[in-house]
Structure formats: C-alpha cells, structure tokens
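Architecture at a glance
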Amino acid sequence: MTDKFDIVTTGSALREVSPPITPRNVQHRGGEPNPSASALAARFPGAVQRSEVVWGETAVYVEASRIGEIMQWLRDDPNQRYDYLSDVTAVEYRDFETPIEVVWHLRSLPFRRFLRVKAMLAKNAPLEVPSVWPLWKAADWMERECYDMFGIRFVGHPDLRRILMWEQYKEGFPLRKDFPLRGRFSRAEQLRQALTQNPEAKYSMEELAIADAFEDLPADMRKRLGTGERTGE
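Below, the structure is looked at part by part. Just so we're clear, the structure is a prediction, and the values are computed from it rather than from any experiment.

Details of the nonpolar core
In this structure, Met 71, Leu 74, Trp 104 and Ile 152 are the most contacted members of the largest nonpolar core, which totals 42 residues. Residue assignment for this core shows that the elements contributing at least two residues are helix H1 (35-43), strand S2 (57-62), helix H2 (67-76), strand S3 (84-91), strand S4 (100-108), strand S5 (113-121) and helix H3 (139-150). With 6 residues, H3 is the single largest residue contributor to this core. For Trp 104, the residues in contact, after removing those within four places along its chain, are Ile 67, Met 71, Leu 85, Asp 87, Val 88, Leu 115, Arg 116, Val 117, Lys 118, Ala 119, Val 129 and Val 132.

Digging into the side chain of Glu 101
As for its position among the elements, Glu 101 is in strand S4. On the basis of relative accessible area, Glu 101 is assigned to the buried category, the value being 4%. Side chain to side chain, Glu 101 and Tyr 93 meet in a polar contact 3.4 Å long. Setting aside residues no more than four positions away along its own chain, Glu 101 makes contact with Tyr 61, Thr 89, Ala 90, Val 91, Tyr 93, Lys 118, Ala 119 and Met 120.

Digging into the packing of aromatic side chains
The tally for this structure, following the rule as stated, stands at 3 aromatic pairs. For the ring pair Phe 44 and Trp 73, a centre distance of 5.8 Å and an interplane angle of 80° mean the geometry is edge-to-face. Here the residue Phe 44 occupies a position in the loop between H1 and strand S1 (48-54), and Trp 73 occupies one in helix H2, the gap between them amounting to 29 residues. Aromatic side chains Trp 166 and Tyr 169 sit 5.3 Å apart centroid to centroid with 85° between the ring planes, which places their arrangement in the edge-to-face category.

Considerations on the pattern of salt bridges
Within the structure shown, the criterion is met by 11 salt bridges. Its salt-bridge partner being Arg 176, residue Glu 92 comes within 3.0 Å of it at the nearest N-O pair. Remark: Arg 176 occurs in the loop between strand S7 (153-155) and helix H4 (187-195) and Glu 92 occurs in the loop between S3 and S4; sequence separation between them is 84 residues. The class for Glu 92 is buried, based on a relative accessible area of 7%.

Quick word on the packing of H1 against H2
Contact pair H1 / H2: the axes reach a minimum separation of 12 Å and the direction vectors enclose 130°. Overall, the two elements H1 and H2 adopt an arrangement that is oblique. The interaxial crossing formed by H1 with H2 has right-handed handedness. Across from Ala 39, Leu 40 and Arg 43 in H1, the residues of H2 making contact are Ile 70, Trp 73 and Leu 74. Its residues assigned to classes, the contact of H1 with H2 shows 5 nonpolar, no polar and 1 charged.

Regarding the pairing of S4
For a regular strand, the rule is simple: side chains alternate between the two faces of the sheet. Of all 9 residues that make up S4, 8 are buried, and the element is covered over most of its length. In terms of strand pairing, S3 meets S4 through 7 bridges, oriented antiparallel. Opposite Asp 87, over in S4, you have His 105 as the bridge partner. Pairing analysis gives 9 bridges linking S4 to S5, with the strands arranged antiparallel.

Observations concerning the sheet that holds S4
The 5 strands are arranged S1-S2-S5-S4-S3 in an open sheet whose pairing can be described as mixed. If you trace the sheet from one side to the other, it starts and ends with S1 and S3, each paired once. Each neighbouring strand pair of the sheet contributes to a mean axis angle of 20°, computed without reference to strand direction. Of the strands in this sheet, S1, S2 and S5 are in contact with H1, which crosses S5 at around 45°. Sitting on the sheet, H2 is in contact with S2, S4 and S5, with an inclination near 175° to S5.

Thoughts on H3
For H3, built from 12 residues, the straight-helix expectation of 16 Å at 1.5 Å per residue is met to within 8% by its first-to-last C-alpha distance of 16 Å. Buried residues dominate H3, accounting for 9 of its 12 residues. Buried within H3 we find Ala 139, Met 142, Glu 143, Arg 144, Cys 146, Tyr 147, Asp 148, Met 149 and Phe 150. Following H3 by one or two positions, Gly 151 has its phi on the positive side, about 80°.

Observations regarding H1
When H1 is considered as a whole, its buried residues turn out to be Ser 36, Ala 37 and Leu 40. End-on, the buried residues of H1 take up no more than an arc of 105°, which puts them together on one face. In H1, those exposed residues whose orientation departs by more than 90 degrees from the buried face are Ser 38 and Ala 42. The secondary structure elements touched by the buried residues of H1 are S1, S2, H2 and S5. Between the side-chain oxygen of the N-cap and the backbone nitrogen of Ser 36 there are 2.8 Å, and the N-cap of H1 in question is Asn 34.

Rules of the game
- Residues numbered from 1 in each chain as written.
- Predicted model: local features only at pLDDT ≥ 70, side-chain atom pairs only at ≥ 80, totals over all residues.
- Heavy atoms only, no water.
- Core = buried A, V, L, I, M, F, W, Y, C linked by side-chain atoms within 4.5 Å.
- Buried < 20%, exposed > 50% of the residue type's maximum accessible area, 1.4 Å probe, protein only.
- Helix = DSSP H or I, 4+ residues; strand = E, 2+ residues; numbered from the N terminus.
- Contact = heavy atoms within 4.5 Å.
- Polar contact = N/O pair within 3.5 Å; in protein donor to acceptor, adjacent residues only side chain to side chain.
- Phe/Tyr/Trp six-rings, centres within 6.5 Å; stacked < 30°, edge-to-face > 60°.
- Salt bridge = Lys/Arg side-chain N within 4 Å of Asp/Glu carboxyl O.
- Axes fitted to C-alpha atoms, helices over the stretch in contact; angles between N-to-C directions.
- Parallel < 35°, antiparallel > 145°, perpendicular 65-115°, else oblique.
- Left-handed = near helix turned anticlockwise from the far one by under 90°.
- Nonpolar A, V, L, I, M, F, W, Y, C, P; charged D, E, K, R; others polar.
- Pairing = 2+ DSSP bridges.
- Expected span 1.5 Å × (residues − 1).
- Arc of directions from axis to C-beta.

Encoded structure:
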C-alpha cells in the first residue's frame, strides 16, 4: 500500500457551507430529488430508466450493463464527486417474476449528497453485473458478500470468493427466497460437512497480513509500535 489518501473536507464543494440539519417531517414518497438524478438522466439518456424519492432519499434505476461507465462518471465528474461507496447489496422479492435488485449506496462528501443506484437483474438470465472494484476498493468485500448470499457475479472482481460461508459450501445462496430456512441438507449432513472443513483455509495470508499498511501509519505511531508499545489493553 503506497498511495496516500487525500483529505476531503465535508461540504467543501458547496458555495455556502453550513452545518448539516436533520430533516424533519419527511414524506414517504416525493420531495426534492438529489440533483445528481437529473444530471445522470441527461448524461446517460438511454441507460437511466427512472428515479424516485423515498423518505427523502433518491434512488436511480439504471441499465445493469452500463454500471461501469455510470459509476465512473459519478465518481469523476467535478459536479458529482461520489468519492465514498458505503454499501453494495441486493434485494430479492417474493414475486418470482420480479427481478433481483443490485443496490449501490454512494456518498459525495464534498457535496454532502447521498445517492442510491439500482440495477435490475432478471432471474431467468445469468445474475451478472460489472464490478465497481476498479473504482472503489471498498467494493472488494461488499461484492464478495453479495455474491456469497445471493449468487450475483460481479464481472471484473479480482477475487470473487465466498466470504461468510466457507468456500466448499454447497447448499446455495442463503439469502435467496427459494433457500429453505433449515438448509437443503439434513442436520447430520450439515454437521458432517462443517466438521470436515479446515478453518485455516477460509482466509488467505494476504487478507490477514497488515505489514503493508505499516508504512502508511503516522511516524509517531510507527515509532511507538516499533518499540513494542501496546495500548488499549
């Protein structure tokens, strides 16, 4: 890890910076949309399907195949600057005809904006969507969790493996609506498989290593840690 982080001041892109105010009496549907929704529709007229405001938060539905270019524009455009990916998840409804939604939660710290981006994946087709890992490294574990629980493949992810269930887990994807509450296998078979797993094989040494991050720590902290000082215990 050699790249340094830039310090972002919240609201620094706004002309008049004022302390954030907790909104009150927010209506369920409707209200003032995030200006990024209309900007997205103008920039990608064929890829933006619709947008809505629910409880004061704006959600934009976009074409799944164009997630890569849409997300890159949201991150890099100077009038958007969504520099923080806070979550990647999915939603499946009980209606078998309703597509699965992949959901990205984006925050623009300079503009103090929140935007929810959604893409619909039909269940009768491969559940695939471009990975946003090249744009936000925070997507690494989020996309792995989404794949582990829903079976959605993020094309371009460098290491798309299970993260909560063990790699040899064979019962499917636990958050899918067709997944039995007690699992697909008998209790005896589940116990047998659990006991035969190697717990040390769940994580790679690269995931557990922190040596690369040591050089990025502040100098005084490196000095204290170098002398063997231990705090917080």
